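# Coordinates in review
Okay, here's what each chain looks like letter by letter:
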Amino acid sequence: MRLYAAVAAGGFRRYATYRLATMAGIFTNTVFGFIGSYTYIALWDERPHLGGYDQPQALTYVWIGQTLLAACALLGAGFEDELIERIKTGDIAIDLYRPADLQLWWLAADLGRATFQLIGRGIIPMAVGALAFDLALPGSAWPWLAFLVAVTLGVVVSFAIRYLVALSAFWLMDGAGAAQMAWLASAFFSGMLLPLNVFPGVFGEIARALPWSALLQVPADVFLGKHAGWGLLQAYAFQAGWAVALLGAGRALQAAATKRVVVQGG
Amino acid sequence: MIVAMWVRSTMTYRASFALTAFGNFVATAFDFVAILLMFSHIDALGGYTLGEIAFLYGTTSTSFGLADLAMGSMNRLGRRVRDGTLDTLLVRPAPVLAQVAADRFGLRRLGRVTQGLLVLGYALVVADIDWTPLKVLMLPVMLLSGAGIYASLYVAGAAFQFVAQDASEVQNSFTYGGNTLLQYPPSIFAQDLVRGVTFVLPLAFVNWLPALYVLDREDPLGLPDWLAFLPPVVAVVCCGLAALAWRAGLRSYRSTGS
């Protein structure tokens, strides 16, 4: 346990080192937050209460998206490129000999990364959004806490998906194609472009049942108080269910993959 | 020649090329799918119909796609400055700018241009445009001028990276952010933002001003009509300024010495 805590701290520090990159990220998140806000204002002016949100809630949704963009790796870019590279070059063989579990190791590192990204790239855009627009921010501490739990579960689901993608490199050799497909799916089905509540009909129902909705849609709805009491537990159960299923699949795939590893000499 | 080399190298893995080109196509298409989903609930956004928004979307995406095809590799300059590999380019007998632009030239970026042109084609069919010869002529001119303006943003951003070393994200917020902004009608944004995009960053000349003319729309800032004919001039001025910035940046370059 102490080992994984150290790995997580390392993941945090590693991203904290690049201050300029963090500032550039904050700037980008803020710019896109403004663009998104204005389009949502126009949309909600036409159709008030679209997707069950009033306008301040819709705007809050935009800024939550920007806040979680880096933390939940909604547009990809976390550890997966590195793991794919290690599988491609064969360095993975060394990792497998380490007295630590491969999946837990990367999970710890990714949680550290996500914690930094949430603080480093999340707080300022949210604050700017709250100053510039009329947001529906919860008044008491409780929804914020509930939100943090949902975000944590979302990060774990996000990790589990990206771990599966990275492991595919054992079979595909080049994971770039799979990574890109995963990135596309997550950009669209997390609700980053448009809340999943606004997706019409059966398509919307399917989108809301997919694991990606655990990354942004569920945490946003928890923040906006859409899930209360039993509903909140149900939302958590939905996220945790996907987390367990996907982590389990990752574990099975990892077992199958390790059998395939052939260490080349030279 | 460097471009041809990178094209040949990507063509070695045809399946991977097809997949990534398709991926680029889908990635950009999702933006438009989001707009289509919005229009499943509404008839007009900021007073603009789907066809008109598709026109805005198609023009900016095509221009941006062309610029990205030519200059998208500029993002990598920061990394080259940091690890010192820019030196290799400096000693070669070819313009550094051309080399950086051709660096890892990605033909897969054609996916973005294709998608932009498809949406534009859709817009031309659906949108109710009162065509005149001048408007027909305006279309290719605005696409090319727009590409020029975006390209100069890429070059200026790259010049800035000589100083900042790692700021490709800031550059992205101007290029990708500008592209996203111009996909929507100016009427939905705050006036100050529109003013900034028109006069500070001349992005509005990529499509807003000429498109408002083609679509017979009022400019929310009440600017005169003749501004719609300025994009080529603006593009030339921007390219000139970007070239100056690039030269200043390159002169200030000090190798890492490692």
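Residues numbered from 1 in each chain as written. Chains lettered and ligands numbered in written order. Predicted model: local features only at pLDDT ≥ 70, side-chain atom pairs only at ≥ 80, totals over all residues. Heavy atoms only, no water.

Now for the overall build of chain A. The helix and strand inventory of chain A stands at twelve helices and zero strands. Counting helices and strands in the order they occur from the N terminus, chain A gives α-α-α-α-α-α-α-α-α-α-α-α. Since a compact globule built from 266 residues should have a radius of gyration of about 18 Å, the 19 Å found for chain A is in line with a globular shape. For chain A, the C-alpha atoms occupy an extent of roughly 65 × 40 × 35 Å along the three principal directions. Considering chain A as a whole, with its 266 residues, one finds that 53% of them fall into the buried category. Of the accessible surface of chain A, which amounts to about 11,700 Å², a share of 68% is contributed by carbon and sulfur atoms. Here chain A holds 16 positive side-chain charges and 15 negative ones, and the gap between their average locations is 9 Å. (Helix = DSSP H or I, 4+ residues; strand = E, 2+ residues; numbered from the N terminus. Rg over C-alpha atoms; globule rule 2.2 N^0.38 Å. Buried < 20%, exposed > 50% of the residue type's maximum accessible area, 1.4 Å probe, protein only. Areas by Shrake-Rupley, 256 points an atom, 1.4 Å probe, with all protein chains shown as cover. Lys, Arg positive; Asp, Glu negative; His and termini not counted. Charge placed at Lys NZ, Arg CZ, Asp CG, Glu CD.)

Let us look at the interface of chain A and chain B. Listed by partner, the interface residues are 30 residues for chain A and 35 residues for chain B. Counting across the interface, chain A meets chain B through zero salt bridges. Linking chain A with chain B are two residue pairs in polar contact (both at pLDDT 80 or more), by the criterion used here. Of all the secondary structure elements, the ones that give two or more residues to the side of chain A that touches chain B are helix H2 (19–46) and helix H9 (176–189) of chain A. (Contact = heavy atoms within 4.5 Å. Salt bridge = Lys/Arg side-chain N within 4 Å of Asp/Glu carboxyl O. Polar contact = N/O pair within 3.5 Å; in protein donor to acceptor, adjacent residues only side chain to side chain.)

Our next topic: the confidence of the model for chain B. All names here are of chain B. Per-residue confidence for chain B averages 82 on the pLDDT scale, and 92% of its residues sit at or above 70. Predicted confidence in chain B is weakest over helix H1 (residues 2–12), with a mean pLDDT of 70, and strongest over helix H3 (residues 50–71), with 90. Interface scoring of the predicted complex returns ipTM 0.83; its pTM is 0.87. (pLDDT = per-residue confidence, 0-100.)

The next point concerns unusual backbone geometry. Although it is not a glycine, A:Ala73 adopts a positive phi angle of roughly 50°. One can find A:Ala73 in the loop between helix H3 (55–71) and helix H4 (80–89). Here the phi dihedral of B:Asp216 falls at roughly 55°; this positive angle occurs in a residue that is not glycine. Mapped onto the fold, B:Asp216 is located in the loop between helix H11 (208–214) and helix H12 (231–251).

So, on to the pattern of salt bridges. All names here are of chain A. This structure, assessed with the given rule, holds ten salt bridges over all chains. The partner of Arg251 in a salt bridge is Asp101, with the nearest N and O atoms 2.4 Å apart. Note that Arg251 is positioned in helix H12 (residues 230–260) and Asp101 in the loop between helix H5 (92–97) and helix H6 (102–132), a separation of 150 residues in sequence. Overall, Arg251 belongs to the partly exposed group, its relative accessible area being 38%. In this structure, Arg113 engages Asp110 in a salt bridge whose closest nitrogen and oxygen atoms are separated by 2.8 Å.

The subject of this paragraph is H12(B). Residue and element names in this part refer to chain B. Helix length check: H12 (21 residues) gives 30 Å between terminal C-alpha atoms against 30 Å at 1.5 Å per residue, within 8%. All of the buried residues along H12 are Pro231, Val234, Ala235, Cys238, Ala242, Trp246 and Gly249. Each buried residue of H12 lies within a common arc of 105° when the element is viewed along its axis, so the set occupies one face. Counted as exposed and oriented over 90 degrees from the buried face of H12: Val236, Leu241, Leu244, Arg247 and Arg251. Residues of H12 that are buried in the fold lie against helix H4 (77–83), helix H6 (96–102), helix H8 (133–164) and H11. (Expected span 1.5 Å × (residues − 1). Arc of directions from axis to C-beta.)

The next thing to look at is the packing of H3(B) against helix H7 (residues 110–126) of chain B. Residue and element names in this part refer to chain B. The interhelical angle for the contact between H3 and H7, taken along N-to-C directions, is 155°, at an axis separation of 7 Å. Judged by the inter-axis angle, H3 sits roughly antiparallel to H7. The way H3 lies across H7 gives a crossing that is left-handed. In terms of residue class, the contact of H3 with H7 is built from 16 nonpolar, eight polar and two charged. (Axes fitted to C-alpha atoms, helices over the stretch in contact; angles between N-to-C directions. Parallel < 35°, antiparallel > 145°, perpendicular 65-115°, else oblique. Left-handed = near helix turned anticlockwise from the far one by under 90°. Nonpolar A, V, L, I, M, F, W, Y, C, P; charged D, E, K, R; others polar.)

Further remarks concern a nonpolar patch on the surface. Residues and elements named next belong to chain B. Judged by side-chain polarity, Leu134, Leu137, Val141, Trp226 and Phe229 come together as a nonpolar surface patch covering roughly 490 Å² of accessible area. Here Leu137 shows up in helix H8. By relative accessible area, Leu137 is classed as exposed at 55%. (Patch = residues over 30% accessible without salt bridge, like charges linked within 9 Å, V, L, I, M, F, W, Y side chains within 5 Å.)

For the rest of this paragraph, the subject is the environment of A:Tyr61. Residues and elements named next belong to chain A. Tracing the backbone through its elements, the reader meets Tyr61 in helix H3. Taking the relative accessible area as the measure of exposure, Tyr61 reaches 1% and is therefore buried. Linking Tyr61 and Leu224, residues 163 residues apart in sequence, is a C-alpha distance of 8.3 Å. Discounting residues that sit within four places of it in the chain, Tyr61 has contacts with Tyr40, Tyr53, Ser190, Gly191, Pro195, Leu196, Leu216, Gln217 and Ala220.

Residue and element names in this part refer to chain B. The topology assignment puts Ser145 in helix H8. Relative accessible area serves as the criterion here: at 6%, Ser145 is assigned to the buried category. Among the polar contacts listed, one links the side chain of Ser145 to the backbone oxygen of Val141, at a separation of 2.6 Å. When sequence neighbours within four positions are dropped, the list of residues in contact with Ser145 reads Pro231, Pro232 and Ala235.

In this structure, B:Leu45, B:Phe55, B:Phe189 and B:Trp208 are the most contacted members of the largest nonpolar core, which totals 124 residues. Here the element with the most residues in this core is H8(B); it accounts for twelve residues. Residues contacting B:Leu45, with those up to four places away along its chain left out, are A:Thr39, A:Ala42, A:Leu43, B:Met38, B:Phe39, B:Ile53, B:Tyr184, B:Pro185 and B:Ile188. If you look at the next biggest cluster of nonpolar residues, it comprises 18 residues, including A:Phe79, A:Ile84, A:Ile87 and A:Leu167. (Core = buried A, V, L, I, M, F, W, Y, C linked by side-chain atoms within 4.5 Å.)

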